[in-house]
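Understanding the architecture of this molecule
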Amino acid sequence: MKGIYLFTFLGILNCSCNSANTKFFVKEKVFSFIKQDSSFTKSSFSEIYIKGKNEYISFLDNPNFNIHTYSLKTFKIVNSKYLKKDSAINKSLRVLTVSEPNDTFTFSMKVSAFLRYSPDSLFILPQGGNDMYLLDSNMMVTNEWVIQTDGFTSPTIDIYAGQGDKFYFSNNSLYISGYGYAIPSVWHTSNPVINYDIKNREIISRFGTYPSTYKPDKWWFTVGSEVYKTMNDDKDILISYPTSHEIQLYHNNKLIQKKEVVSSYLKNYKFPYFNDSKRDDLAYKIEYSNTLGRYTLVIYDSYRNVYYRIVQLPQQYENKNGSKNLDQDREWSIQIIEKDLTLIGEQKFPKKMFNNADILVCKDGLLISNNNILNPDNKPDAISYTLFKINLK
(Lines give C-alpha, C1' and ligand atoms only; values in the text may rest on other atoms or scores of the structure.)
Protein backbone atom coordinates (compact mmCIF):
# COMPACT_ATOMS: atom_id res chain seq x y z
CA MET A 1 0.00 0.00 0.00
CA LYS A 2 1.17 3.51 -0.80
CA GLY A 3 3.12 5.27 1.93
CA ILE A 4 3.08 2.26 4.28
CA TYR A 5 6.20 1.29 6.24
CA LEU A 6 6.98 -1.81 8.22
CA PHE A 7 8.27 -1.31 11.75
CA THR A 8 11.12 -3.27 13.26
CA PHE A 9 13.03 -3.28 16.54
CA LEU A 10 16.77 -3.83 16.79
CA GLY A 11 19.35 -4.28 19.56
CA ILE A 12 20.17 -2.68 22.88
CA LEU A 13 23.50 -0.83 23.12
CA ASN A 14 25.14 1.94 25.10
CA CYS A 15 27.09 5.14 24.31
CA SER A 16 29.98 6.46 26.37
CA CYS A 17 29.95 9.79 28.16
CA ASN A 18 32.36 12.13 29.89
CA SER A 19 30.55 13.30 33.05
CA ALA A 20 31.60 11.21 36.04
CA ASN A 21 30.96 8.07 33.94
CA THR A 22 27.23 8.78 33.98
CA LYS A 23 25.36 7.38 31.00
CA PHE A 24 22.76 10.07 30.37
CA PHE A 25 21.60 8.49 27.11
CA VAL A 26 21.18 4.71 26.92
CA LYS A 27 20.48 3.23 23.53
CA GLU A 28 17.39 1.05 23.75
CA LYS A 29 15.65 0.39 20.42
CA VAL A 30 15.94 1.12 16.74
CA PHE A 31 12.77 2.04 14.89
CA SER A 32 13.02 1.32 11.18
CA PHE A 33 10.24 2.47 8.85
CA ILE A 34 10.84 0.46 5.66
CA LYS A 35 9.55 2.33 2.64
CA GLN A 36 6.99 0.62 0.44
CA ASP A 37 6.39 3.74 -1.66
CA SER A 38 9.42 4.58 -3.82
CA SER A 39 8.08 8.07 -4.53
CA PHE A 40 8.41 9.04 -0.84
CA THR A 41 11.65 11.01 -0.49
CA LYS A 42 11.98 12.09 3.16
CA SER A 43 13.51 15.51 3.63
CA SER A 44 15.47 16.33 6.77
CA PHE A 45 12.35 17.78 8.42
CA SER A 46 10.28 15.75 10.87
CA GLU A 47 8.13 16.55 13.88
CA ILE A 48 6.55 14.85 16.88
CA TYR A 49 3.22 16.18 18.12
CA ILE A 50 0.63 15.17 20.69
CA LYS A 51 -3.09 14.67 20.03
CA GLY A 52 -5.03 13.68 23.10
CA LYS A 53 -2.74 11.30 24.99
CA ASN A 54 -1.04 9.92 21.90
CA GLU A 55 2.21 10.90 20.17
CA TYR A 56 2.61 11.04 16.42
CA ILE A 57 5.59 11.54 14.13
CA SER A 58 5.25 13.35 10.80
CA PHE A 59 7.71 13.35 7.93
CA LEU A 60 7.96 15.97 5.22
CA ASP A 61 8.15 14.42 1.75
CA ASN A 62 10.25 16.56 -0.56
CA PRO A 63 10.11 17.29 -3.45
CA ASN A 64 6.52 16.02 -3.53
CA PHE A 65 5.52 18.39 -0.67
CA ASN A 66 3.47 15.76 1.14
CA ILE A 67 3.33 14.92 4.86
CA HIS A 68 3.09 11.36 6.19
CA THR A 69 2.12 10.78 9.83
CA TYR A 70 2.61 7.69 12.01
CA SER A 71 1.53 6.73 15.51
CA LEU A 72 4.41 6.26 17.97
CA LYS A 73 2.17 3.91 19.94
CA THR A 74 1.13 1.49 17.20
CA PHE A 75 3.91 2.39 14.71
CA LYS A 76 1.35 2.37 11.93
CA ILE A 77 0.64 5.09 9.40
CA VAL A 78 -2.22 7.38 10.41
CA ASN A 79 -2.53 9.43 7.26
CA SER A 80 -0.76 10.87 4.25
CA LYS A 81 -1.53 14.44 3.23
CA TYR A 82 -0.88 15.39 -0.38
CA LEU A 83 -0.38 18.97 -1.48
CA LYS A 84 -2.56 19.88 -4.44
CA LYS A 85 -0.61 20.52 -7.63
CA ASP A 86 -2.36 23.84 -8.19
CA SER A 87 -1.79 24.95 -4.60
CA ALA A 88 -0.53 28.47 -4.01
CA ILE A 89 2.45 26.90 -2.26
CA ASN A 90 3.49 24.99 -5.35
CA LYS A 91 3.11 28.17 -7.38
CA SER A 92 5.35 30.07 -4.95
CA LEU A 93 8.19 27.57 -5.21
CA ARG A 94 10.81 28.77 -7.62
CA VAL A 95 14.09 27.81 -9.23
CA LEU A 96 17.14 29.46 -7.70
CA THR A 97 20.36 29.93 -9.65
CA VAL A 98 23.63 30.50 -7.82
CA SER A 99 26.71 31.51 -9.79
CA GLU A 100 30.22 30.62 -8.65
CA PRO A 101 33.34 31.77 -10.54
CA ASN A 102 33.79 28.36 -12.15
CA ASP A 103 30.29 26.98 -12.19
CA THR A 104 26.57 27.70 -11.92
CA PHE A 105 24.21 25.74 -9.67
CA THR A 106 20.45 25.48 -10.10
CA PHE A 107 18.22 24.54 -7.17
CA SER A 108 14.54 23.67 -7.23
CA MET A 109 13.18 25.28 -4.08
CA LYS A 110 11.35 23.02 -1.63
CA VAL A 111 9.21 23.28 1.47
CA SER A 112 11.74 23.88 4.25
CA ALA A 113 9.62 23.44 7.40
CA PHE A 114 6.14 22.99 8.84
CA LEU A 115 4.54 23.52 12.24
CA ARG A 116 1.24 22.30 13.63
CA TYR A 117 -1.17 25.15 14.30
CA SER A 118 -3.68 22.56 15.52
CA PRO A 119 -3.90 18.75 15.18
CA ASP A 120 -5.61 19.26 11.82
CA SER A 121 -3.86 22.30 10.37
CA LEU A 122 -0.30 23.30 9.52
CA PHE A 123 1.90 26.30 8.95
CA ILE A 124 4.06 25.70 5.87
CA LEU A 125 7.21 27.66 4.99
CA PRO A 126 8.54 27.32 1.42
CA GLN A 127 12.28 27.61 0.96
CA GLY A 128 13.89 30.81 -0.28
CA GLY A 129 11.13 33.33 0.36
CA ASN A 130 9.21 35.26 3.01
CA ASP A 131 5.83 33.59 2.43
CA MET A 132 4.05 31.61 5.15
CA TYR A 133 0.91 29.53 4.55
CA LEU A 134 -1.75 27.92 6.76
CA LEU A 135 -3.20 24.65 5.48
CA ASP A 136 -6.32 22.81 6.60
CA SER A 137 -6.74 19.05 7.00
CA ASN A 138 -7.22 18.72 3.23
CA MET A 139 -3.91 20.51 2.57
CA MET A 140 -5.78 23.51 1.16
CA VAL A 141 -4.46 27.01 1.81
CA THR A 142 -6.72 28.88 4.23
CA ASN A 143 -4.45 31.83 4.98
CA GLU A 144 -1.25 33.38 3.70
CA TRP A 145 1.27 35.89 5.06
CA VAL A 146 4.13 37.72 3.44
CA ILE A 147 6.55 38.64 6.21
CA GLN A 148 7.73 42.00 4.95
CA THR A 149 10.99 43.20 6.46
CA ASP A 150 11.61 46.21 4.22
CA GLY A 151 11.48 49.40 6.26
CA PHE A 152 11.47 47.54 9.58
CA THR A 153 15.12 46.69 9.51
CA SER A 154 18.25 47.25 7.54
CA PRO A 155 19.44 45.21 5.75
CA THR A 156 16.46 43.41 4.23
CA ILE A 157 16.30 39.86 5.57
CA ASP A 158 15.05 36.47 4.48
CA ILE A 159 13.18 34.29 6.95
CA TYR A 160 14.44 30.77 7.53
CA ALA A 161 13.42 27.56 9.31
CA GLY A 162 14.56 23.96 9.10
CA GLN A 163 15.15 20.86 11.20
CA GLY A 164 18.05 22.53 12.97
CA ASP A 165 16.29 25.84 13.60
CA LYS A 166 12.54 25.36 13.76
CA PHE A 167 9.94 28.10 14.05
CA TYR A 168 7.44 28.38 16.91
CA PHE A 169 3.96 29.75 17.53
CA SER A 170 2.29 31.17 20.64
CA ASN A 171 -0.53 33.69 21.20
CA ASN A 172 -0.78 34.84 17.57
CA SER A 173 3.00 35.22 17.36
CA LEU A 174 5.35 33.35 15.09
CA TYR A 175 8.98 33.18 16.19
CA ILE A 176 11.25 32.60 13.22
CA SER A 177 14.84 33.35 12.27
CA GLY A 178 15.76 36.06 9.81
CA TYR A 179 19.12 36.63 8.19
CA GLY A 180 20.66 39.52 6.30
CA TYR A 181 23.04 39.28 3.40
CA ALA A 182 26.02 36.97 3.90
CA ILE A 183 28.49 39.83 4.44
CA PRO A 184 30.54 39.94 7.67
CA SER A 185 30.04 43.66 8.22
CA VAL A 186 26.25 43.29 7.96
CA TRP A 187 25.36 39.80 9.19
CA HIS A 188 25.87 40.42 12.89
CA THR A 189 24.48 43.92 13.11
CA SER A 190 20.84 42.85 13.23
CA ASN A 191 18.80 40.74 15.64
CA PRO A 192 18.35 37.21 14.28
CA VAL A 193 14.92 36.23 15.69
CA ILE A 194 11.65 37.73 14.42
CA ASN A 195 8.40 37.94 16.38
CA TYR A 196 5.65 38.17 13.74
CA ASP A 197 1.99 38.85 14.67
CA ILE A 198 -0.19 36.79 12.31
CA LYS A 199 -3.37 38.63 13.35
CA ASN A 200 -2.10 42.14 12.61
CA ARG A 201 0.28 40.91 9.90
CA GLU A 202 3.28 42.78 11.18
CA ILE A 203 6.64 42.29 12.83
CA ILE A 204 6.33 43.09 16.52
CA SER A 205 10.02 42.96 17.28
CA ARG A 206 13.37 41.42 16.52
CA PHE A 207 15.58 40.10 19.29
CA GLY A 208 18.73 38.13 19.96
CA THR A 209 22.17 39.75 19.98
CA TYR A 210 25.26 38.12 18.57
CA PRO A 211 27.89 37.68 21.34
CA SER A 212 30.78 40.12 21.54
CA THR A 213 33.11 37.55 19.99
CA TYR A 214 31.37 38.15 16.67
CA LYS A 215 33.14 41.01 14.89
CA PRO A 216 32.21 42.97 11.75
CA ASP A 217 35.60 42.27 10.16
CA LYS A 218 35.94 38.65 11.31
CA TRP A 219 33.45 35.84 10.93
CA TRP A 220 32.97 32.10 10.56
CA PHE A 221 31.18 32.06 7.19
CA THR A 222 27.49 31.14 7.13
CA VAL A 223 28.03 27.91 9.11
CA GLY A 224 29.25 29.94 12.06
CA SER A 225 26.77 32.78 11.78
CA GLU A 226 23.41 31.02 11.80
CA VAL A 227 21.51 30.78 15.07
CA TYR A 228 19.63 27.93 16.71
CA LYS A 229 16.64 28.38 18.98
CA THR A 230 13.97 26.52 20.90
CA MET A 231 10.89 27.41 22.98
CA ASN A 232 10.20 26.12 26.48
CA ASP A 233 6.88 25.59 28.28
CA ASP A 234 6.94 29.18 29.56
CA LYS A 235 7.15 30.40 25.94
CA ASP A 236 10.68 31.62 26.55
CA ILE A 237 13.04 31.47 23.56
CA LEU A 238 16.53 30.05 24.07
CA ILE A 239 19.10 31.09 21.44
CA SER A 240 22.47 29.45 20.78
CA TYR A 241 25.26 30.67 18.50
CA PRO A 242 27.56 28.24 16.62
CA THR A 243 30.95 29.70 17.55
CA SER A 244 30.17 31.00 21.02
CA HIS A 245 29.71 29.17 24.30
CA GLU A 246 27.03 31.74 25.20
CA ILE A 247 23.33 30.97 25.24
CA GLN A 248 20.61 33.61 25.71
CA LEU A 249 17.12 33.27 27.18
CA TYR A 250 14.36 35.69 26.16
CA HIS A 251 10.89 36.24 27.61
CA ASN A 252 8.42 38.49 25.77
CA ASN A 253 11.26 39.43 23.39
CA LYS A 254 13.44 40.69 26.27
CA LEU A 255 16.71 39.17 27.46
CA ILE A 256 16.29 37.67 30.93
CA GLN A 257 19.45 35.58 31.19
CA LYS A 258 22.65 34.78 29.32
CA LYS A 259 25.38 32.38 30.26
CA GLU A 260 28.41 30.62 28.86
CA VAL A 261 27.75 26.87 28.86
CA VAL A 262 31.06 25.43 27.72
CA SER A 263 31.39 22.02 26.10
CA SER A 264 34.29 20.01 27.53
CA TYR A 265 35.22 19.21 23.91
CA LEU A 266 35.44 22.88 22.91
CA LYS A 267 36.87 24.23 26.19
CA ASN A 268 40.28 25.12 24.73
CA TYR A 269 39.18 25.36 21.12
CA LYS A 270 39.88 28.56 19.22
CA PHE A 271 37.16 28.85 16.60
CA PRO A 272 39.26 29.63 13.47
CA TYR A 273 38.02 32.59 11.45
CA PHE A 274 36.96 32.20 7.84
CA ASN A 275 39.42 33.60 5.29
CA ASP A 276 37.13 36.02 3.49
CA SER A 277 39.58 36.44 0.63
CA LYS A 278 38.63 32.86 -0.33
CA ARG A 279 34.88 33.42 -0.54
CA ASP A 280 34.94 32.37 -4.18
CA ASP A 281 37.01 29.25 -3.47
CA LEU A 282 34.47 26.41 -3.31
CA ALA A 283 37.04 23.82 -2.19
CA TYR A 284 38.10 26.04 0.71
CA LYS A 285 34.50 26.61 1.79
CA ILE A 286 33.81 22.87 1.80
CA GLU A 287 36.94 22.17 3.84
CA TYR A 288 36.14 24.95 6.29
CA SER A 289 32.54 23.85 6.80
CA ASN A 290 33.52 20.22 7.29
CA THR A 291 36.17 20.92 9.95
CA LEU A 292 34.91 23.87 12.04
CA GLY A 293 33.94 22.81 15.57
CA ARG A 294 30.66 24.43 16.63
CA TYR A 295 27.41 24.28 18.56
CA THR A 296 24.27 23.46 16.55
CA LEU A 297 20.75 22.41 17.57
CA VAL A 298 19.12 23.39 20.84
CA ILE A 299 16.09 21.32 21.82
CA TYR A 300 13.69 21.68 24.74
CA ASP A 301 12.42 18.52 26.45
CA SER A 302 9.05 19.31 28.02
CA TYR A 303 8.84 15.85 29.63
CA ARG A 304 12.03 16.34 31.62
CA ASN A 305 12.23 20.17 31.68
CA VAL A 306 15.76 20.37 30.29
CA TYR A 307 17.48 21.64 27.16
CA TYR A 308 19.78 19.68 24.89
CA ARG A 309 22.51 21.36 22.84
CA ILE A 310 24.39 19.55 20.07
CA VAL A 311 28.15 19.99 19.82
CA GLN A 312 29.98 19.12 16.61
CA LEU A 313 33.61 18.38 17.39
CA PRO A 314 36.35 19.80 15.14
CA GLN A 315 38.12 17.37 12.82
CA GLN A 316 40.96 17.21 10.32
CA TYR A 317 39.94 17.49 6.67
CA GLU A 318 42.44 15.11 5.11
CA ASN A 319 43.41 11.72 6.48
CA LYS A 320 46.83 10.04 6.20
CA ASN A 321 45.60 7.92 3.31
CA GLY A 322 44.56 11.02 1.38
CA SER A 323 40.82 10.58 1.91
CA LYS A 324 38.81 13.60 3.01
CA ASN A 325 36.38 13.81 5.90
CA LEU A 326 32.79 14.87 5.37
CA ASP A 327 30.67 16.66 7.92
CA GLN A 328 29.05 13.29 8.69
CA ASP A 329 32.45 11.89 9.77
CA ARG A 330 32.54 13.92 12.97
CA GLU A 331 32.30 12.86 16.55
CA TRP A 332 29.69 14.89 18.39
CA SER A 333 28.11 15.29 21.79
CA ILE A 334 24.94 16.38 23.57
CA GLN A 335 24.96 18.84 26.45
CA ILE A 336 22.12 18.58 28.97
CA ILE A 337 21.20 21.97 30.42
CA GLU A 338 18.78 22.85 33.24
CA LYS A 339 16.05 25.45 32.71
CA ASP A 340 18.16 27.84 34.81
CA LEU A 341 20.97 27.25 32.23
CA THR A 342 23.12 25.14 34.58
CA LEU A 343 25.03 22.41 32.77
CA ILE A 344 24.00 18.96 34.01
CA GLY A 345 26.46 17.01 31.88
CA GLU A 346 27.57 16.03 28.41
CA GLN A 347 27.84 12.78 26.49
CA LYS A 348 29.83 12.04 23.35
CA PHE A 349 28.46 9.95 20.49
CA PRO A 350 30.39 7.92 17.91
CA LYS A 351 30.99 9.28 14.42
CA LYS A 352 29.35 7.97 11.25
CA MET A 353 26.42 6.35 13.06
CA PHE A 354 23.77 9.07 13.50
CA ASN A 355 22.35 12.16 11.85
CA ASN A 356 22.64 14.71 14.64
CA ALA A 357 20.62 17.24 12.64
CA ASP A 358 17.47 15.11 13.09
CA ILE A 359 16.72 14.64 16.79
CA LEU A 360 13.24 14.50 18.33
CA VAL A 361 11.95 14.42 21.91
CA CYS A 362 9.25 11.93 22.84
CA LYS A 363 7.76 10.67 26.10
CA ASP A 364 10.05 7.65 26.25
CA GLY A 365 13.27 9.56 25.53
CA LEU A 366 15.22 10.95 22.61
CA LEU A 367 14.88 9.78 18.99
CA ILE A 368 18.10 10.25 16.99
CA SER A 369 18.11 9.58 13.26
CA ASN A 370 20.26 6.71 11.98
CA ASN A 371 20.19 8.08 8.43
CA ASN A 372 23.85 9.06 8.22
CA ILE A 373 25.12 8.36 4.70
CA LEU A 374 28.37 6.99 6.18
CA ASN A 375 26.62 4.52 8.46
CA PRO A 376 27.20 1.06 6.95
CA ASP A 377 23.77 0.02 8.23
CA ASN A 378 22.05 3.00 6.63
CA LYS A 379 19.34 1.86 4.24
CA PRO A 380 18.30 4.37 1.55
CA ASP A 381 14.80 2.85 1.47
CA ALA A 382 14.24 3.26 5.23
CA ILE A 383 13.58 6.02 7.75
CA SER A 384 15.27 4.94 10.94
CA TYR A 385 15.61 6.36 14.47
CA THR A 386 17.27 5.10 17.63
CA LEU A 387 15.39 5.58 20.88
CA PHE A 388 17.64 6.61 23.78
CA LYS A 389 16.35 6.37 27.31
CA ILE A 390 17.38 9.41 29.37
CA ASN A 391 18.97 9.10 32.80
CA LEU A 392 19.11 12.40 34.71
CA LYS A 393 19.59 10.93 38.20
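Let me sum up the structure you'll find in this document. (Residues numbered from 1 in each chain as written. Predicted model: local features only at pLDDT ≥ 70, side-chain atom pairs only at ≥ 80, totals over all residues. Heavy atoms only, no water.)

As for the overall build of the protein
- Of the regular secondary structure elements, the protein holds 3 helices and 28 strands.
- Taking all 393 residues of the protein together, 52% fall into the buried category.
- Excluding contacts between residues fewer than 6 apart, the proportion of contacts in the protein whose partners are at least 24 apart in sequence is 53%. (Helix = DSSP H or I, 4+ residues; strand = E, 2+ residues; numbered from the N terminus. Buried < 20%, exposed > 50% of the residue type's maximum accessible area, 1.4 Å probe, protein only. Contact = heavy atoms within 4.5 Å.)

Details of the pairing of strand β15 (residues 173-179)
- Taking burial as the measure, the 7 residues of β15 include 7 buried ones, the bulk of the element.
- Strand direction decides the pairing type here: strand β13 (residues 158-160) and β15, joined by 3 bridges, are antiparallel. Within β15, the position partnered with Asp158 by the bridge is Tyr179.
- Relative to β15, strand β14 (residues 168-170) is paired through 3 bridges, and the arrangement is antiparallel. Bridged to Ser170 within β15 is Ser173.
- In this antiparallel pair of consecutive strands, β14 and β15, the connection spans 2 residues, and Asn171 shows a positive phi of 50°.
- Across 5 bridges, the pairing between β15 and strand β16 (residues 193-197) is antiparallel. By the bridge assignment, Ser173 is partnered in β16 with Asp197. (Pairing = 2+ DSSP bridges.)

Examining empty space enclosed by the protein
- Taken as a whole, this structure holds 1 cavity of 30 Å³ or more when the rule is applied.
- The computed volume of the largest cavity comes to approximately 40 Å³.
- Forming the boundary of the largest cavity are 10 residues, of which Phe65, Leu83, Val111, Ile124 and Met139 lie nearest the centre.
- Taken together, the residues of the lining of the largest cavity break down into 9 nonpolar, 1 polar and no charged. (1 Å grid on protein atoms, 1.4 Å probe; cavity = no way out; pocket = protein on both sides within 12 Å on 5 of 7 lines; lining within 4 Å. Points joined across faces, edges and corners; volume = space filled by probe spheres on them. Nonpolar A, V, L, I, M, F, W, Y, C, P; charged D, E, K, R; others polar.)

Describing the layout of surface pockets
- A volume near 980 Å³ is recorded for the second largest pocket.
- Considering only residue class, the lining of the second largest pocket consists of 19 nonpolar, 7 polar and 8 charged.

So, the packing of aromatic side chains
- Tallied over the entire structure, the rule returns 29 aromatic pairs.
- Taking 5.4 Å as the distance between ring centres and 25° as the angle between the ring planes, the aromatic pair formed by Tyr49 and Tyr56 counts as stacked. The two residues Tyr49 and Tyr56 agree in class, both being buried.
- Following the ring pairs from residue to residue traces out a cluster consisting of Phe25, Tyr308, Trp332, Phe349, Phe354 and Phe388.
- For Arg309, the ring lying beneath its charged end belongs to Tyr295, and the centroid distance is 3.7 Å. (Phe/Tyr/Trp six-rings, centres within 6.5 Å; stacked < 30°, edge-to-face > 60°. Lys NZ or Arg CZ within 6 Å of the ring centre and 35° of its normal.)

Observations concerning the sheet that holds strand β9 (residues 111-118)
- Taking strand neighbours across the sheet as the criterion, the 4 strands line up as β9-β10-β11-β12 in an open arrangement whose pairing is antiparallel. Unpaired on one side and paired on the other, β9 and β12 (141-146) mark the two borders of the sheet. For this sheet the average axis-to-axis angle between neighbouring strands, irrespective of direction, equals 20°.
- In the sheet, β9 pairs with strand β10 (residues 121-126) via 6 bridges, with the strands oriented antiparallel. Bridge pairing links Arg116 to Leu122 in β10. (Axes fitted to C-alpha atoms, helices over the stretch in contact; angles between N-to-C directions.)

Nothing here speaks to function; it is all geometry.
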